[in-house]
Amino acid sequence: MKANILVCGPTGAGKTTLIQALTKFGTVPDENIGIGGAGLDQFTVYETDVADFIDADGLNPGQSAADYRRAAEAQKAWDPDAGPGEKVIHAVWYCVDGSSGVIDSQSVSFIKTLDDASLTLVTKSDEMTKEESERLLPGLREFLTTDEIVVVSAKKQTGLKKLLERTWAILEKTMKGPDMQNGEFKRRWDLYYEKKRNLWKERVGAEADELIRWAAGRAAVIALVPLPLADVAPLIANEAYMIKKMAGIYGYTTNESIVTMLGGVAGGSVVGKALASFLPGLKIPIAAAVTYGVGKAAKAYFESDMKLDVSVLKEKFEEAKDEAKLIDWEAEKDSAEKNEKK
């Protein structure tokens, strides 16, 4: 038993690169990256021990998810010896190029034809600017739930763990047979991805920590504003961006209520920023420490699959604030200024 996963979307959305990141070395040759066209004429199948990834040509006007599904299931080149049941598409991933910052009307129409066995992936999230992220993700949430969207980066290997978790939830519903009932397929699935999951966890954690240090350093830059309270709004905006970016690293897209909850961390965040405004000699370390604390709390929240309650987040926040006292924020401020392009 293996899962059949159809990967489709516009040409250049990063479909083949994503499959390469999710499979063992050599499964997807480098020379296959970026050679796809548009239409239903060609599907490339990348076989693994647990799944066959069907890499579809790009989207043409007027084509629907049903068109792609039927064409993929009919591909004799896929496996001429397979029976009808083995050719069933068990999950569909539709890829949207996050670096474009927009969702075109054709993709919107296509996504709306997808069924419950589908996910919409925002690829190349590492290339998204703040403006592109704030334009694209809210646009998708207008007609998709947050559980139907996964933010990924094949290059940074972020969001891939969440993608597999949500895909597995779909496969449990769409795949049938003794293997699913006795857990054998799940055992093979977990074994195939064991090393990759560990690697992804390390990389995602390092990426999150780097983001926290950058955002805290940027808070130190913002705290240079000499007027009391003039820096509070920019500091809040900086934290909000950090939280949204953090969510993307873990594969999530967030709504404003989550951002507000994490940014507040039981009220400590706003109080800390206001206090910093009236203590000129301590503005930089206080602003940086508060942002650092919020960042660490947000990291713990997304690592827990968004299950930690506010009391635990408050503890994480306070622990991180104490840790922040040992950091040279003047040096971090200079580093943030040099890396403002983030």
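Cut-offs used in this document
- Residues numbered from 1 in each chain as written.
- Predicted model: local features only at pLDDT ≥ 70, side-chain atom pairs only at ≥ 80, totals over all residues.
- Heavy atoms only, no water.
- Pairing = 2+ DSSP bridges.
- Helix = DSSP H or I, 4+ residues; strand = E, 2+ residues; numbered from the N terminus.
- Axes fitted to C-alpha atoms, helices over the stretch in contact; angles between N-to-C directions.
- Contact = heavy atoms within 4.5 Å.
- Parallel < 35°, antiparallel > 145°, perpendicular 65-115°, else oblique.
- Nonpolar A, V, L, I, M, F, W, Y, C, P; charged D, E, K, R; others polar.
- Salt bridge = Lys/Arg side-chain N within 4 Å of Asp/Glu carboxyl O.
- Left-handed = near helix turned anticlockwise from the far one by under 90°.

Peer 1: Can you lay out the sheet that holds strand β2 (residues 43-47) for me, pointing to particular residues and giving the numbers?
Peer 2: Pairing is mixed across the open sheet formed by six strands, whose spatial order is β2-β3-β1-β4-β5-β6. Single-partner strands in this sheet number two, and they are β2 and β6 (149-151). Each strand of the sheet is rotated relative to its neighbour by a mean of 25°, with strand direction disregarded. Lying over the sheet, helix α5 (residues 160-174) contacts β1 (3-8), β4 (91-97), β5 (118-123) and β6, oriented at roughly 170° with respect to β5.

Peer 1: Kindly report on the packing of helix α7 (residues 184-222) against helix α8 (residues 232-249), identifying the contributing residues and their values.
Peer 2: Direction vectors running N to C along α7 and α8 enclose 170°, while the axes themselves pass 10 Å from each other. By the criterion of interaxial angle, the relationship of α7 to α8 is roughly antiparallel. Together, V204, E207, A208, L211, I212, W214, A215, R218, A219 and I222 of α7 and P234, L235, N238, Y241, M242, K245, M246 and I249 of α8 make up the contact between the two elements. In terms of residue class, the contact of α7 with α8 is made up of 14 nonpolar, one polar and three charged.

Peer 1: Account for the pattern of salt bridges, naming residues and giving values.
Peer 2: Scanning all chains against the criterion turns up 17 salt bridges. Between K156 and E207 there is a salt bridge; the shortest N-O distance is 4.0 Å. Separated by 51 residues along the polypeptide, K156 in the loop between β6 and α5 and E207 in helix α7 bring together distant segments of the chain. By sharing partners, the salt bridges in this structure join K161, K162, E165, D305 and K307 into a single network.

Peer 1: Which residues make up the packing of α5 against α7, and what are the values?
Peer 2: As a packed pair, α5 and α7 sit with axes 10 Å apart at the nearest point and diverge in direction by 165°. With respect to α7, the axis of α5 lies roughly antiparallel. Handedness of the α5/α7 crossing: left-handed. Residues L160, K161, L164, W168 and L171 of α5 form the contact with α7, whose participating residues are F185, K186, W189, Y193, R197 and W200. Here the contact of α5 with α7 is composed, by residue class, of eight nonpolar, no polar and three charged.

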